[in-house]
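Spelled out, the chains give:
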Amino acid sequence: MTTDHVEPAVPGGECEREPGPSDSLRTFGAVVQALREHAGLSRVEFGELVRFSKHTVESVELGRRMPDESFVERAEEALGNTGALRKSAQFLTRGEAGLAAWFRRWARLERVAVSLCTYECWLVPGLLQSEGYMRALCDNDIPPLSDEALEATVQARLERQRLLSERPNTAFDFIVEESLFMRRLGGASVTRGLIEHVIEAVAPRNVTLQIMPADAEHHACMAGPIQLLETPDGSWRGYSEGQENGRLIADPKQVSRLHMRYARLRSQALSPKDSVGLLERMRGAL
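All values derive from a computational prediction rather than experimental measurement. (Residues numbered from 1 in each chain as written. Predicted model: local features only at pLDDT ≥ 70, side-chain atom pairs only at ≥ 80, totals over all residues. Heavy atoms only, no water.)

Asker: I keep staring at the overall build of the protein and nothing clicks. Help me out?
Answerer: Each helix and strand in the protein was counted, giving 13 helices and eight strands. Considering only contacts in the protein between residues 6 or more positions apart, those separated by 24 or more positions represent 75%. By element, 51% of the accessible surface of the protein is carried by carbon and sulfur atoms, the whole surface being about 14200 Å². (Helix = DSSP H or I, 4+ residues; strand = E, 2+ residues; numbered from the N terminus. Contact = heavy atoms within 4.5 Å. Areas by Shrake-Rupley, 256 points an atom, 1.4 Å probe, with all protein chains shown as cover.)

This is how it looks when you write it as structure tokens:
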């Protein structure tokens, strides 16, 4: 992934725990350790400079924790401001199975976001997918997934969906193309289950769904899907994904353009009430 995006700090002041180190985490940790030792600092002394515990420093150096923005910035300043840590931090990924490597940093941001906006025209957003729809997507993947990889993918997506129930103060906003529910991926029974799942998922006050009708004469997002989020410090980030790749977007001008398109699309899509009504009619027709 190529991006100049910098991750926001995880609340609590310490780096986020990671269940399984990735190669990038281990490599970044080794660089931190080498620079620290070259500076003649013990882990305790270095921890005092970056205002993290010795245990946290050790966990980062061994690749067991994902460093947040404050750790990277303070470590960079303490170790000579060479730019090596800032540059290498851009390529850090989590080590868990089931999520595409290029999506993992965005998934981290989702867990601390105060607002999430998603427009999808290719497939129903992951946060709204039913398990049957997830399995249908996996069954259609090329090359075919192994049974183990399929189960890991489904479980990772189900785990990610806990955001909707665990973050009631986060605003989740979705705009989804009507055609995605017309496609009947996996068959009529899977589509019926998907529609029922989506209607239930968007019932909470903090979750909003708008359907973009298939016969709309105006469309502000013909260039493809849009994902936007607001971090706890009030800044915004975007995410763009294609075949076998994805990238975080931090440039304010680019993010502003995505905001303009998303805002116009909201005015073109059906209202939340009419969107749920449309889904109910589609479910009844199956």
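Asker: Quick question: what am I supposed to make of the packing of aromatic side chains here?
Answerer: Where two aromatic rings form a pair, the distance of their centres and the angle of their planes describe that pair. If you walk through the whole model with that rule in mind, you get three aromatic pairs. Both rings, one in Phe52 and one in Phe71, keep their centres 5.4 Å apart while their planes meet at 65°; by these two values the pair is edge-to-face. Here Phe52, found in the loop between helix H2 (43-50) and helix H3 (54-61), pairs with Phe71, found in helix H4 (residues 69-78); they are 19 residues apart in sequence, far enough to count as distant. Among the aromatic residues, those joined into a cluster by ring pairs are Phe46, Phe52 and Phe71. (Phe/Tyr/Trp six-rings, centres within 6.5 Å; stacked < 30°, edge-to-face > 60°.)

Asker: How do you make sense of the pairing of strand E8 (residues 245-249) when you look at a structure like this?
Answerer: Regular strands place side chains that alternate from one sheet face to the opposite one. Relative to E8, strand E7 (residues 236-242) is paired through five bridges, and the arrangement is antiparallel. Counterpart to Ser240 in the pairing with E8 is Arg247. Between the end of E7 and the start of E8, which pair antiparallel, lie two residues, with Glu244 showing a positive phi angle near 65°. (Pairing = 2+ DSSP bridges.)

Asker: In this structure, what is going on with the environment of Glu73? I would like to understand it.
Answerer: Looking at the element boundaries, Glu73 is found in helix H4. Spatially, the C-alpha atoms of Glu73 and Arg86 are 7.2 Å apart, while their sequence positions differ by 13 residues. Among the polar contacts made by the side chain of Glu73, one reaches the side chain of Arg86 at a distance of 3.1 Å. (Polar contact = N/O pair within 3.5 Å; in protein donor to acceptor, adjacent residues only side chain to side chain.)

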